[in-house]
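Listed here are the chains, written in short residue letters.
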Amino acid sequence: ELEQPGSGMKAAAGVVEANFGINVPYVVRLRFDGLVNVVDAKGGVVVDLPKDMSGLTAGRHTLDGTQALAFVRDRSGSDDFFRQQRGQLFIVSTVKTMLNPARWVRLPAVIGALFQAVDSNVPLWVWPRLVYGIAFSAIKGFDSHAITREMTTSWVTDQGAQVLLPNWDLILPMVNEAFK
């Protein structure tokens, strides 16, 4: 991406296709600085934390854009698996916040911020269906899956990097079930 702008999304889709056998025709990328602007445009996002995390106590919090970015990126006292859970919690909270009719007056600003923050190859005619699907899922519940610690094996490379190796026998059945 740094050497050839615009190549990152295609490379990411290729990695998913090669590792999981899933065709990825469309990709959406939200830039970090864009996340801050989108959250601020909608007047913050309300997160209801089931337990203390990322320096916040359990309970309801309204995060501005900078706080939201810190929340989803935080690694202190946790790991990528906890960060993944926070990311999923944030996505659900974001959609639920925008489903509140009191926030709808902010939609023009949110849409403007999204246009500035998102890179995508999703055709224009697909976006209304995508928005409807996300809103419906926020109400009925997202069908989300995540790779857990048990699906990986810790390993240290020759250069000393700590990495997680996939346990395909556990990962692929979950992927196949989700995309059948």
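Going by the structure above, here's the rest.
What counts and what doesn't
Residues numbered from 1 in each chain as written. Predicted model: local features only at pLDDT ≥ 70, side-chain atom pairs only at ≥ 80, totals over all residues. Heavy atoms only, no water. Axes fitted to C-alpha atoms, helices over the stretch in contact; angles between N-to-C directions. Helix = DSSP H or I, 4+ residues; strand = E, 2+ residues; numbered from the N terminus. Parallel < 35°, antiparallel > 145°, perpendicular 65-115°, else oblique. Contact = heavy atoms within 4.5 Å. Nonpolar A, V, L, I, M, F, W, Y, C, P; charged D, E, K, R; others polar. Salt bridge = Lys/Arg side-chain N within 4 Å of Asp/Glu carboxyl O. Buried < 20%, exposed > 50% of the residue type's maximum accessible area, 1.4 Å probe, protein only. Polar contact = N/O pair within 3.5 Å; in protein donor to acceptor, adjacent residues only side chain to side chain.

S.K.: Can you lay out the packing of helix 3 (residues 65-73) against helix 4 (residues 80-99) for me, pointing to particular residues and giving the numbers?
M.R.: Contact pair helix 3 / helix 4: the axes reach a minimum separation of 7 Å and the direction vectors enclose 140°. The angle between helix 3 and helix 4 places the two elements in the oblique class. Of helix 4, the residues touching helix 3 (which contributes A68, F71, V72 and R73) are R83, R86, G87, L89 and F90. Grouping the constituent residues of the contact of helix 3 with helix 4 by class yields 5 nonpolar, 1 polar and 3 charged.

S.K.: Could you give me a rundown of the pattern of salt bridges, with the residues and numbers involved?
M.R.: Where charged atoms from two side chains of opposite charge approach closely, those side chains can pair. By the definition in use, this model includes 4 salt bridges. The residue D119 makes a salt bridge to R29 at a minimum N-O spacing of 2.8 Å. Highlighted residues: D119 in strand 4 (residues 118-120) and R29 in strand 1 (residues 28-30), separated in sequence by 90 residues. The class of D119 is partly exposed, set by a relative accessible area of 22%. In this structure R29 comes out as partly exposed when scored by relative accessible area, which is 26%. Residue D80 is joined to R75 by a salt bridge in which the shortest nitrogen-to-oxygen separation is 3.4 Å. A relative accessible area of 43% means that D80 is categorised as partly exposed. The structure contains a network of salt bridges with shared partners spanning R29, R31 and D119.

S.K.: Quick one: what's the story with the side chain of H61, residue by residue and with numbers?
M.R.: Note that H61 resides in strand 3 (residues 59-63). Side-chain polar atoms of H61 contact the backbone oxygen of T57, separated by 2.6 Å. Not counting the four nearest positions on each side in its chain, H61 is found in contact with V45, V46, V47, L49 and L56.

S.K.: Go over unusual backbone geometry, please, and point to the residues and values.
M.R.: Even without being a glycine, S54 presents a positive backbone phi close to 55°. Structurally, S54 is set in the loop between strand 2 (45-49) and strand 3. For S54, a relative accessible area of 25% translates into the label partly exposed.

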